[in-house]
Amino acid sequence: PLASSFILLPFYTNLLSTDDFGVLMIYIVFTALIQIIVNFGFDNFVPINFINTSDNPVNQKNYISTAINSLLIIGLFVIVLAFFAGEPFFNVLNNILYKGKSIDFFPWGFMAVITAFFNSMYKTYTNLLVYQQRPVRFFWINIINFSLTIGISVAGLYITPFSLAGPMWGRLLSGFVIFVLSYLFFLNEFGIVFHKKYLKPIFQFCYPLFLYLIILWVLGNIDRYIILYFMNKTEVGIYDFAIKCTLLLDFILNGLGAAFLPKVYDLWKKNNLTESTPEVNRYYNGYTAVILLIMPLFTLLIPLLIPFFVKNNAYYQSFDFLALLTVGFATRGIYTMFIAPVLYFKKTKVLPLIYFITAIIQVILSIVLIKYFGLIGAVWAAVITKPIQVLFLFYESKKFFTFKFNKIKIIYLPSFYILLVVLMEIFIDPKYRNWSALIQLVVISLSVLYIYRNEIALLLDSIKQFTRKNNRKILN
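Everything numeric here is computed off the predicted structure, so don't read it as measured data.

What counts and what doesn't
- Residues numbered from 1 in each chain as written.
- Predicted model: local features only at pLDDT ≥ 70, side-chain atom pairs only at ≥ 80, totals over all residues.
- Heavy atoms only, no water.
- Helix = DSSP H or I, 4+ residues; strand = E, 2+ residues; numbered from the N terminus.
- Rg over C-alpha atoms; globule rule 2.2 N^0.38 Å.
- Contact = heavy atoms within 4.5 Å.
- Polar contact = N/O pair within 3.5 Å; in protein donor to acceptor, adjacent residues only side chain to side chain.
- Phe/Tyr/Trp six-rings, centres within 6.5 Å; stacked < 30°, edge-to-face > 60°.
- Buried < 20%, exposed > 50% of the residue type's maximum accessible area, 1.4 Å probe, protein only.
- Core = buried A, V, L, I, M, F, W, Y, C linked by side-chain atoms within 4.5 Å.
- Patch = residues over 30% accessible without salt bridge, like charges linked within 9 Å, V, L, I, M, F, W, Y side chains within 5 Å.
- Areas by Shrake-Rupley, 256 points an atom, 1.4 Å probe, with all protein chains shown as cover.
- Salt bridge = Lys/Arg side-chain N within 4 Å of Asp/Glu carboxyl O.
- Expected span 1.5 Å × (residues − 1).
- Arc of directions from axis to C-beta.
- Axes fitted to C-alpha atoms, helices over the stretch in contact; angles between N-to-C directions.
- Parallel < 35°, antiparallel > 145°, perpendicular 65-115°, else oblique.
- Left-handed = near helix turned anticlockwise from the far one by under 90°.
- Nonpolar A, V, L, I, M, F, W, Y, C, P; charged D, E, K, R; others polar.

Student: Outline the overall build of the chain, supporting the account with residue identities and numerical values.
Tutor: Helix and strand counts for the chain come out as 18 helices and zero strands. Since a compact globule built from 476 residues should have a radius of gyration of about 23 Å, the 23 Å found for the chain is in line with a globular shape. On the principal axes, the C-alpha backbone points of the chain span a range of 65 × 60 × 50 Å. Contacts in the chain between residues far apart in sequence, at least 24 positions, make up 82% of those at least 6 positions apart.

Below, the structure written as structure tokens:
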């Protein structure tokens, strides 16, 4: 889904007006909100429960099937409710919050609700596939979604350019197909089971996570609505274009995280661990190193590549925000380290409070900074909030998990990179942004090479041994 959003950017920006692009992003953000409501945290509960109940197949089947059918019931209820209450709700937003700006519920808002329902089932199933370590099926179901979303959306944009019909139908129809596939796979593996006795433990796990995800949505998306209030749809489109440019980076990091977290959880379960170990820490160390190397490379390449695909130069001003938006990912490694125990040990009750406080901070910062500084204010609000999230998360997670890690690799090196980027953004003119990104890439690459010199030497030695072993097999 992240890759398709990134690939569709040239078609959106070339075949939609900047106003229409801004409105489309509002609907997509609205879809994400409804998806959280419908999903209710089941996309996290199902895979983690799959790991925790792996020694009891019957219990596992009952829990997962009950959760999936609960998702189905919630989704249908939300669709019916939206049909009757959606338009009045949007009218209130238009007349009070957005000063009469027109964001219609029918048909696009209602289609967004249905799409969110479809995507909830799909997201839950693909998350389960990661923890089942079934990469082939994961690959193909994502390829189907990717191909249909791209194909229908692009065809629709060429048939009816400067209309939201193509993008909205592309998301809805692809969502329907992957919903059917996901639900059929669930039925085949876990059957149709619904036991009331499982609802209480499911609810106890999911409702804090649900509140956390709602607040996380606020953290990730409320700035678009604040921009719409103080500015206009075009400014929303430009800001969201900058966010969408970072999706490729988010796509890569999500994939890496999804690859190693099941391994971490498996090690914790096998060894009954409640503290960090060198074996587990290697995953986080490597993850942080990759993040630090990718970020400046990304900031350097995106402004050079995007003009080949996006011809509307109104969007190019978003390049001024890329370095700061990207630097927010520097905390992803330590964030993942601190949130993993919360999810695994089902301590999700701590999440809503953590993110409620940070959401309040970000909303206040966004309102003040956007009002007085425009789009760059939204960027600074997001940058400032992310380290605050990490601090609160560490404070809560250390209460039940003992963290022992290399502070230079996990804290000091990312902090050094953040400071470097912030100082260069403040003191160097934006017209030299490519040179700034190149300097950041060189400095952080040399730093990573020095700090990770032992790990790199071991890796090179392992590659040599692997190559020699395979050469012997070929000769034999």
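Student: Would you mind going over the environment of Y183 in detail, with residue names and values included?
Tutor: Its place among the elements puts Y183 in helix α7 (residues 165-190). Once the C-alpha coordinates of Y183 and Y125 are considered, the two residues, 58 residues apart in sequence, prove to be 8.0 Å apart. Leave out the neighbours within four places in its chain, and Y183 touches I68, N69, L72 and M121. Side chain to side chain, Y183 and N69 meet in a polar contact 3.2 Å long.

Student: Help me get a handle on the packing of aromatic side chains, residues and values and all.
Tutor: Taken as a whole and judged by the stated rule, the model has 49 aromatic pairs. A centroid spacing of 5.9 Å and a plane angle of 40° characterise the contact between F117 and F118, whose relative ring orientation is tilted. For the pair F117 and F118, one class covers both residues: buried. Here the aromatic rings of F139 and W140 are separated by 5.1 Å at their centres, their planes lie at 80°, and the arrangement is edge-to-face. Residue F139 is classed as partly exposed on the basis of its relative accessible area, which comes to 43%. By way of ring pairs, the aromatic residues Y131, Y265, W268, F338, Y344, F345, F394, F400, F401, F403 and F405 are connected into one cluster.

Student: Before we move on, can you summarise the nonpolar core with the specific residues and values?
Tutor: By size, the foremost hydrophobic cluster in this structure holds 155 residues, and its most contacted members are F186, F241, W268, Y284, L351, Y355 and L393. Sequence-distant contacts of L393, defined by excluding residues within four places in its chain, comprise Y335, F338, I339, V342, L351, I354 and Y355.

Student: Describe a nonpolar patch on the surface, and please don't skip the residues or the numbers.
Tutor: Among the surface-exposed residues, L419, L423, I426, F427, I428, Y432, W435, L438, V442, L446 and L449 lie close enough to one another that they form a single nonpolar patch of about 1,100 Å² accessible area. Broken down by secondary-structure element, the contributors of at least two residues to the nonpolar patch are α16 (407-427) and α17 (433-451). At five residues, α17 tops the list of elements feeding residues into the nonpolar patch. Position of I428 relative to the elements: it lies in the loop between α16 and α17.

Student: Which residues make up unusual backbone geometry, and what are the values?
Tutor: Peptide bonds are trans in most cases, and residues, glycine excluded, mostly fall at negative phi. Of note, the bond from F106 into P107 is cis; its omega dihedral lies within 30 degrees of zero at 0°. In this fold, P107 is placed in the loop between α4 (57-97) and α5 (108-132). Although it is not a glycine, F40 sits at a positive phi angle of roughly 55°. Structurally, F40 can be placed in the loop between α2 (18-39) and α3 (42-52). Backbone geometry at N272 places phi at a positive 55°, although glycine is not the residue there. Relative to the elements of secondary structure, N272 occurs in the loop between α10 (247-271) and α11 (278-305).

Student: Could you give an account of the side chain of S65, with specific residues and numbers?
Tutor: Position of S65 relative to the elements: it lies in helix α4. For S65, a relative accessible area of 2% puts it in the buried group. Leaving out residues up to four positions away in the same chain, S65 has contacts with F190, G191, I192 and V193.

Student: Any details on α17? Residues and values, ideally.
Tutor: The terminal C-alpha atoms of α17, which comprises 19 residues, lie 27 Å apart, in line with the 27 Å expected from a rise of 1.5 Å per residue. Regarding α17, the residues found buried are S436, A437, Q440, L441, I444, S445, S447 and V448. Down the axis of α17, the smallest arc covering the buried residues is 165°, so these residues share one side. What points out from α17, more than 90 degrees from its buried face, is the exposed set W435, L446 and Y450.

Student: Report on the pattern of salt bridges, specifying residues and quantitative values.
Tutor: All chains considered together, the criterion is met by eleven salt bridges. Its salt-bridge partner being D43, residue K123 comes within 3.6 Å of it at the nearest N-O pair. With a gap of 80 residues between them, K123 in helix α5 and D43 in helix α3 connect regions that are remote in the sequence. Relative accessible area serves as the criterion here: at 34%, K123 is assigned to the partly exposed category. Using a relative accessible area of 9% as the deciding quantity, one classes D43 as buried. Its salt-bridge partner being D223, residue R224 comes within 3.3 Å of it at the nearest N-O pair. Both residues of the pair, R224 and D223, belong to the buried class.

Student: Give me the packing of α5 against α7: which residues, what numbers.
Tutor: It is the contact of α5 with α7, at a shortest axis distance of 8 Å, that shows an interaxial angle of 40°. What the angle tells us is that α5 and α7 run oblique. For the pair α5 and α7, the sense of crossing is left-handed. In terms of residue class, the contact of α5 with α7 is built from 21 nonpolar, six polar and two charged.

Student: Just give me the short version of helix α14 (residues 350-373), but keep the residues and values in it.
Tutor: Spanning 24 residues, α14 covers 34 Å between terminal C-alpha atoms, matching the ideal 34 Å at 1.5 Å per step. Listing the buried residues of α14 in full gives V350, L351, P352, I354, Y355, T358, A359, Q362, S366, L369 and I370. Positive backbone phi, approximately 80°, marks G374, located one or two places after α14.

Student: Can you lay out the environment of Y12 for me, pointing to particular residues and giving the numbers?
Tutor: Locating Y12 in the fold gives a position in helix α1 (residues 2-15). Residue classification places Y12 among the buried residues on the basis of a relative accessible area of 4%. For the pair Y12 and S163, spaced 151 residues apart in sequence, the C-alpha to C-alpha distance is 10.0 Å. Those residues in contact with Y12 that sit more than four places away from it in its chain are F21, L24, M25, L157 and P167.

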